[in-house]
Amino acid sequence: MEYQVKIDEFEGPLDLLLYLIKEMKISIDKINVSEITQQYIDFIHAMEQLNLEIASEYLVMAAYLTFIKSKMMLPKSNIDDEEIDYEENPEEKLKMRLKIYKLFKDVVPYFKNQEEERSYLLTKIPTDLSNEFKLEVNEILTQKMNVYDLLSAFNKAMKRYHLHRPLKTKIQQQTITIDERIIQLRNTIKEKKNMLFKDLFKDNDSKEYIVVTFMAILELAREKIIYVKQDELFKDIYVDYIEERVEIHE
Amino acid sequence: MNRTQMLAALEGLLHITGDDGLSPEEICFVFDITHGEAIDLLESLTDMYDNHLRGITILNTAGRYKMVTKKEFIDVYRKIYANINKSRLSNAALEVLAIVAYRQPITRAEVEDVRGINSDNLIRKLLAMSLIKEVGRLDTPGRPILYGTTNDFLDYFKLSSLEELPELLEHIELDEEMEQDLFNSLKRFKIN
Amino acid sequence: MNRTQMLAALEGLLHITGDDGLSPEEICFVFDITHGEAIDLLESLTDMYDNHLRGITILNTAGRYKMVTKKEFIDVYRKIYANINKSRLSNAALEVLAIVAYRQPITRAEVEDVRGINSDNLIRKLLAMSLIKEVGRLDTPGRPILYGTTNDFLDYFKLSSLEELPELLEHIELDEEMEQDLFNSLKRFKIN
């Protein structure tokens, strides 16, 4: 049997069991321990052959399933005394565990959805009023706070920091693309016919602008629209506009 | 101050407090009105925002009301804030959170019993994200830490209170008592 | 996007950018419109705020447009501001304190960089409350003051030492990266 899923896609042995049960198209109540044990162990073996790392909990579960299976094969009379109360039916115990786990697993999509919905709603930094109104110093802080309030405040600040960070750089980057800069440069150089290389960088000293300008110059030179020359090492570099050649049609 | 003025002043207040938001108690205090009147003001303002094509609205999370943008123009906001709604919790983390949310106060061992797998790192992460916190210790040997959800948790999932969580047993043929039994039996039940 | 939608989206955008506000260039970029159209949108929105009894309006200062509260309700704002500051640390003060606690020793400029907002008054308040103190100076031009937390801070949060502060997510993630690096280098080691 080939498996479409890998062990690292499961959240644990119970999750894997639920998957196998679903594949068998049965309900938790209807599981046949002996059958599910075989499926489970086969899956673990297949993963071992793929050299995937298997958390110890999966192996413990394999052992436990084997234990239940063997116990069920023993005649009922062999199990005795007081421990019967909850030891008597490990199969039922397993089903209970699966049901409980499934309860929580099934509510995960709800949380996922809420998380997403909330992430679309944006708010603003509280306005700083300390300049408008005099900030009084608290003599005694009556309301108790704990370290989690502190951690929460820190997290809020960091979240905002990461959210707001790209604001300026992004706009700067977006304001000028290489293609746009090529057009700008071509027009400027065409107009002046001959320019100092360094003058092409002078209207903005941001890193993005310099990189974009440099790339645009390279592209213009490659397309033989401009000609870049330097008379001597360390001397000024000049950029010339190459006049359009008159195309001769046959 | 008449009602129209109060609405305008409330709008200004919500603007100022931003992400901190306002509790109904704070609104009562400022305008010297009853709790019912405060809720009524908040509802009127929300209606005004929803009836007209406006970019903002009012959200109630963790018992506080705050002014937020509406979802529909998120793509516009993304152009300026590239990191909007990027990070998401993993399914494993959501599982742990769900267990803590419904079963709080709860120990790490109990969470792990339900999941059948070590959840130490996930709990550390959720603590660091201030989605859960220590709420006490169990009076048993080793005095294990009990965890519960925080206000940040409520806000993160757009909940006004824990009561808003959906009924866990809705889709399963167990009644509350049976579920409690299951849960108690889990505590005694260790596979290793 | 039609004009009405643009107005709503612009309102949302002005809300998020808060005190930073927006330049006409940023509005042009976001909506892909001309400068004239951007100014026109801003004017329409300002008119909408002024024609109705609203608590907020748009202000143009130094070429940037920002959403601000109208002055007429200033007494309401003062009342809530004074109340919030009376018995507890305001969220803003708590935030500054948290940044100092986790990032100490830290300069005012660094605190402001994280918060994205002037924090001078809040730092002075925390100093006056002796929750933070000067712990030295940075050896850079201007020799800015470095701040750290005090024993009163530990008392207030019932901590015996700074090590008891809850762990930060960035530390957990760093640990994981290191583990991953170690794991990768081990794998490489195995192959060779």
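Residues numbered from 1 in each chain as written. Chains lettered and ligands numbered in written order. Predicted model: local features only at pLDDT ≥ 70, side-chain atom pairs only at ≥ 80, totals over all residues. Heavy atoms only, no water.

Caption draft 1: Local environment of the overall build of chain B. Summing up its helical and strand segments, chain B has nine helices and five strands in all. The linear arrangement of helices and strands in chain B, starting from the amino end, is α-α-α-β-β-α-α-β-α-α-β-β-α-α. Residue pairs in contact within chain B that sit at least 24 positions apart in sequence constitute 46% of those at least 6 positions apart. Accessible area for chain B stands at about 8,400 Å²; split by element, carbon and sulfur atoms hold 47% of it. (Helix = DSSP H or I, 4+ residues; strand = E, 2+ residues; numbered from the N terminus. Contact = heavy atoms within 4.5 Å. Areas by Shrake-Rupley, 256 points an atom, 1.4 Å probe, with all protein chains shown as cover.)

Caption draft 2: Representation of the sheet that holds strand E2 (residues 226-230) of chain A within the structure. Residues and elements named next belong to chain A. Pairing is antiparallel across the open sheet formed by three strands, whose spatial order is E1-E3-E2. Here the strands that pair on one side only, and so sit at the sheet edges, are strand E1 (194-196) and E2. Strand-to-strand twist across the sheet, computed as the mean angle between neighbouring axes with direction ignored, equals 25°. In this structure, E2 lies alongside strand E3 (residues 237-241), joined through five bridges in antiparallel fashion. For Lys-229, the partnering residue across the bridge sits in E3 and is Tyr-238. (Pairing = 2+ DSSP bridges. Axes fitted to C-alpha atoms, helices over the stretch in contact; angles between N-to-C directions.)

Caption draft 3: Fine view of the interface of chain A and chain C. On the chain C side, the residues contacting the 40 residues of chain A number 45 residues. Of the roughly 4,200 Å² buried between chain A and chain C, counting both surfaces, carbon and sulfur atoms make up 67%. When the buried surface of chain A facing chain C is broken down by residue, A:Met145, A:Leu150 and A:Phe154 rank first, second and third, together holding 17% of it. At the boundary of chain A with chain C, the tally comes to one salt bridge. Linking A:Arg160 and C:Glu95 is a salt bridge whose minimum nitrogen-to-oxygen distance equals 2.8 Å. For the pair chain A and chain C, the number of links is two residue pairs in polar contact (both at pLDDT 80 or more). For the side of chain A that touches chain C, the secondary structure elements donating two or more residues are helix H6 (147-164) and helix H7 (166-175) of chain A. The greatest single-element share of the side of chain A that touches chain C, amounting to 12 residues, is contributed by H6(A). Looking at the side of chain A that touches chain C residue by residue, the class counts come to 20 nonpolar, 10 polar and 10 charged. (Buried area = accessible area lost by both parts, 1.4 Å probe. Salt bridge = Lys/Arg side-chain N within 4 Å of Asp/Glu carboxyl O. Polar contact = N/O pair within 3.5 Å; in protein donor to acceptor, adjacent residues only side chain to side chain. Nonpolar A, V, L, I, M, F, W, Y, C, P; charged D, E, K, R; others polar.)

Caption draft 4: Representation of the confidence of the model for chain B within the structure. Residue and element names in this part refer to chain B. Summarising the model, chain B shows a mean pLDDT of 88, and 87% of its residues fall at 70 or more. In the model of chain B, helix H9 (residues 176-188) stands out as the element of lowest mean pLDDT, 56, in contrast to strand E5 (residues 145-149), which has the highest, 97. Segment residues 188-192 is flagged for pLDDT under 50; beyond a separation of four residues in sequence, or across chains, it makes 11 contacts in the model. The complex model carries a pTM of 0.80, and its ipTM stands at 0.88. (pLDDT = per-residue confidence, 0-100.)

Caption draft 5: Main features of helix H2 (residues 33-49) of chain A. All names here are of chain A. For H2, built from 17 residues, the straight-helix expectation of 24 Å at 1.5 Å per residue is met to within 8% by its first-to-last C-alpha distance of 24 Å. Buried within H2 we find Val-33, Ile-36, Thr-37, Tyr-40, Phe-43, Ile-44, Ala-46 and Met-47. Buried residues along H2 sit against helix H1 (13-23), helix H3 (56-73) and helix H5 (90-119). Taken from the residues just after H2, Asn-51 is the one with a positive phi, measuring 60°. (Expected span 1.5 Å × (residues − 1). Buried < 20%, exposed > 50% of the residue type's maximum accessible area, 1.4 Å probe, protein only.)

Caption draft 6: Focus on the layout of surface pockets. Of the volumes computed, that of the second largest pocket is approximately 430 Å³. Lining the second largest pocket are 26 residues; nearest its centre among them are A:Thr127, A:Asp128, A:Leu129, A:Glu132 and C:Asp19. Listing elements by their share of the lining of the second largest pocket, those giving two or more residues are helix H1 (3-17) of chain B together with helix H1 (3-17), strand E2 (64-69) and helix H4 (74-87) of chain C. Looking at the lining of the second largest pocket, the element that brings in the most residues is E2(C), giving three residues. Tallied by class, residues from the lining of the second largest pocket come to 11 nonpolar, eight polar and seven charged. (1 Å grid on protein atoms, 1.4 Å probe; cavity = no way out; pocket = protein on both sides within 12 Å on 5 of 7 lines; lining within 4 Å. Points joined across faces, edges and corners; volume = space filled by probe spheres on them.)

Caption draft 7: Just the sheet that holds strand E3 (residues 106-107) of chain C, in detail. Residues and elements named next belong to chain C. Strand order in the open sheet formed by three strands is E3-E5-E4, with antiparallel pairing between adjacent strands. Each having just a single partner strand, E3 and strand E4 (132-137) make up the two edges of the open sheet. Both E4 and strand E5 (residues 145-149) contribute to a ladder of five bridges, which runs antiparallel. Counted as the bridge partner of Lys-133 is Gly-148 from E5. Where helix H5 (residues 91-103) meets the sheet, it contacts E3, E4 and E5, and its direction lies at approximately 95° from that of E5.

Caption draft 8: A look at the nonpolar core. Ranked by size, the top nonpolar core spans 69 residues in total, and within it C:Phe153 and C:Phe157 carry the most contacts. With 63 residues, the next largest nonpolar core counts B:Val76, C:Leu13, C:Ile33 and C:Ile58 among its residues. (Core = buried A, V, L, I, M, F, W, Y, C linked by side-chain atoms within 4.5 Å.)

Caption draft 9: The environment of A:Glu35, seen in detail. All names here are of chain A. By secondary structure assignment, the location of Glu-35 is in helix H2. We classify Glu-35 as partly exposed; its relative accessible area is 41%. The spacing of Glu-35 and Lys-69 is 34 residues in sequence and 9.2 Å in space, taken between C-alpha atoms.

Caption draft 10: Molecular detail of helix H6 (residues 108-115) of chain B. Residue and element names in this part refer to chain B. For H6, the buried fraction is high: six of the eight residues fall into the buried class. Among all positions in H6, only Glu-110, Val-111, Glu-112, Asp-113, Val-114 and Arg-115 are buried. Among the residues trailing H6, Gly-116 stands out with phi positive, at a value near 70°.

Caption draft 11: Focus on the pairing of E3(A). Residues and elements named next belong to chain A. Bridge count for E1 against E3 is three bridges, and the pairing is antiparallel. Along E3, the bridge assignment pairs Asn-194 with Asp-240. Counted between consecutive antiparallel strands, the loop separating E2 from E3 contains six residues, among which Phe-234 sits at a positive phi close to 70°.

Caption draft 12: Local environment of the pairing of strand E2 (residues 64-69) of chain B. All names here are of chain B. With five of six residues buried, E2 is to be regarded as a mostly interior element. Relative to E2, strand E1 (residues 56-61) runs antiparallel, the two being bridged by six bridges. Among the inter-strand pairings, Ile-58 is bridged to a residue of E2, identified as Met-67. The hairpin turn running from E1 into E2, its antiparallel successor, is two residues long, and Ala-62 in that turn takes a positive phi close to 50°.

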